[in-house]
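Listed below are the residues making up each chain.
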Amino acid sequence: MTDSIKELVKAAGGSVTGELRVSLSWFNGDDLDLHVYQPDGQSINYSSFKKPAVTKQSGQLDVDMNAGSTSTRTPVENITWSDINKIGEGTYKVIVNNFSKRETIDFGFTLQVESKGEIFNFHYNKPLSNKENVLILEFNYSKINGVSIIKNAGTA
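Reading the values: the criteria
For every chain, the first residue of the written sequence is number 1, and numbering continues from 1 along that sequence. Where totals are concerned, whole chains, interfaces and linings use all residues; where local detail is concerned, this predicted model gives features only for residues with pLDDT of at least 70, and gives and counts side-chain atom pairs only at 80 or more. Water and hydrogen atoms play no part in the side-chain values, which are based on all heavy atoms of the structure. Note on terminology: a nonpolar core comprises buried Ala, Val, Leu, Ile, Met, Phe, Trp, Tyr and Cys residues joined through side-chain atoms within 4.5 Å. Whether a residue is buried, partly exposed or exposed follows from its accessible area with a 1.4 Å probe, protein chains only, as a fraction of its type maximum: under 20%, in between, or over 50%, in that order. Comment: elements are numbered from the N terminus, with helices defined as DSSP H or I runs of at least four residues and strands as E runs of at least two. Here, residues are in contact when the closest pair of their heavy atoms is within 4.5 Å. Pairing of aromatic side chains requires ring centres within 6.5 Å, counting the rings of Phe and Tyr and the six-membered ring of Trp. Pairs whose planes differ by under 30 degrees are stacked, by over 60 edge-to-face, and all others tilted. Here a salt bridge means any side-chain nitrogen of Lys or Arg lying within 4 Å of a carboxyl oxygen belonging to Asp or Glu.

**Student:** Which parts of the structure should I look at to understand the nonpolar core?
**Tutor:** Considering soluble globular proteins, one finds that nonpolar side chains tend to be buried as a cluster. Leu20, Val22, Trp81, Val94, Phe109 and Phe139 are the most contacted members of the largest nonpolar core, which has 28 residues in total. Secondary structure elements with two or more residues in this core: strand 1 (20-26), strand 2 (31-37), strand 5 (76-81), strand 6 (90-100), strand 7 (109-115), strand 8 (118-124) and strand 9 (133-142). It is strand 9 that provides the largest number of residues to this core, a total of 5 residues. Filtering out sequence-adjacent residues up to four positions away, Phe139 remains in contact with Leu20, Val22, Gly90, Thr91, Tyr92, Val94, Val147, Ser148, Ile149 and Ile150. Residues Ile5, Val9, Val16 and Val76 belong to the second largest nonpolar core, which totals 5 residues.

**Student:** What should I look at first to understand the packing of aromatic side chains in this one?
**Tutor:** Two numbers describe a pair of aromatic rings. These are the distance of the centres and the angle of the planes. Counted according to the given criterion, the structure contains 4 aromatic pairs. Look at Tyr46 and Phe99: their rings are 5.9 Å apart centre to centre, the planes differ by 50°, and that puts the pair in the tilted class. Here Tyr46, found in the loop between strand 3 (43-44) and strand 4 (60-64), pairs with Phe99, found in strand 6; they are 53 residues apart in sequence, far enough to count as distant. What makes Phe99 partly exposed here is its relative accessible area of 34%. With a centroid separation of 5.8 Å and an interplanar angle of 85°, the aromatic rings of Trp81 and Tyr92 are classed as edge-to-face. Placement of the pair is Trp81 in strand 5 and Tyr92 in strand 6, with a sequence separation of 11 residues. Taken individually, Trp81 and Tyr92 each receive the classification buried, so the pair is uniform in this respect.

**Student:** Help me out: how do you make sense of the pattern of salt bridges in this one?
**Tutor:** The final tally for this structure, using the stated rule, is 7 salt bridges. We note a salt bridge from Asp106 to Arg73, for which the minimum N-O separation is 2.4 Å. Placement of the pair is Asp106 in the loop between strand 6 and strand 7 and Arg73 in the loop between strand 4 and strand 5, with a sequence separation of 33 residues. By relative accessible area, which is 42% here, Asp106 ends up partly exposed. Residue class for Arg73 comes out partly exposed when judged on its relative accessible area of 38%. One salt bridge connects Glu138 with Lys151, and the closest N-O pair in it is separated by 3.6 Å. Note that Glu138 is positioned in strand 9 and Lys151 in strand 10 (residues 146-152), a separation of 13 residues in sequence. A relative accessible area of 11% places Glu138 in the buried class. Through salt bridges with shared partners, a single network forms among Lys6, Arg21 and Glu114.

The values are spatial; any link to function lies outside them.
If you want it as C-alpha cells, here you go:
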C-alpha cells in the first residue's frame with residue numbers, strides 16, 4: 001500500500017520528497033477532495049491547486065484527480081511541504097470531502113502521512129454522501145519530532 005500510493009502520486013506528477021506529505025487515494029470515480037487545515041487556520045485544498053504559498057506556513061496541493069468530468073478508478077490527491085522552514089509547528093486537521101458522488105461501489109479511501117521517513121496509513125471504509133465532509137485525522141507536527149497522531153477516524 002505504502003509504495004503504491006507514492007507511485008500513483010509520482011505518476012500523477014506530484015511530489016513525494018518533501019519534509020511533510022499528506023496523500024489521499026481512493027477506489028472509484030467519485031471526486032474526493034483533500035483539505036488540510038494548518039496550525040495558522042489556513043486551509044490547503046482544491047482552491048489552492050498548484051498556486052504558490054500564500055502564508056509563511058503553507059504547503060501546496062499538487063495533484064487533484066477526478067475533478068470535473070475526468071475520472072479514473074485509481075485517483076490520488078497530494079499536499080506537500082517541501083521547505084522545513086515553511087512548515088508551521090502545531091496541530092493539523094485533515095478533512096476528506098466527497099465533492100461529487102458518482103458511484104455506490106468500491107467506496108472508502110486511504111490517507112497517507114509521511115514525515116522524516118515515517119509513514120502512517122489510515123483506511124476509511126464507509127461510503128461518503130454527496131458533499132459530505134469527514135474529519136479523518138488530527139496530528140501534531142514539530143520540526144524536531146515530525147508527526148505525532150492525536151486522533152483518527154479510520155483504521156491504522
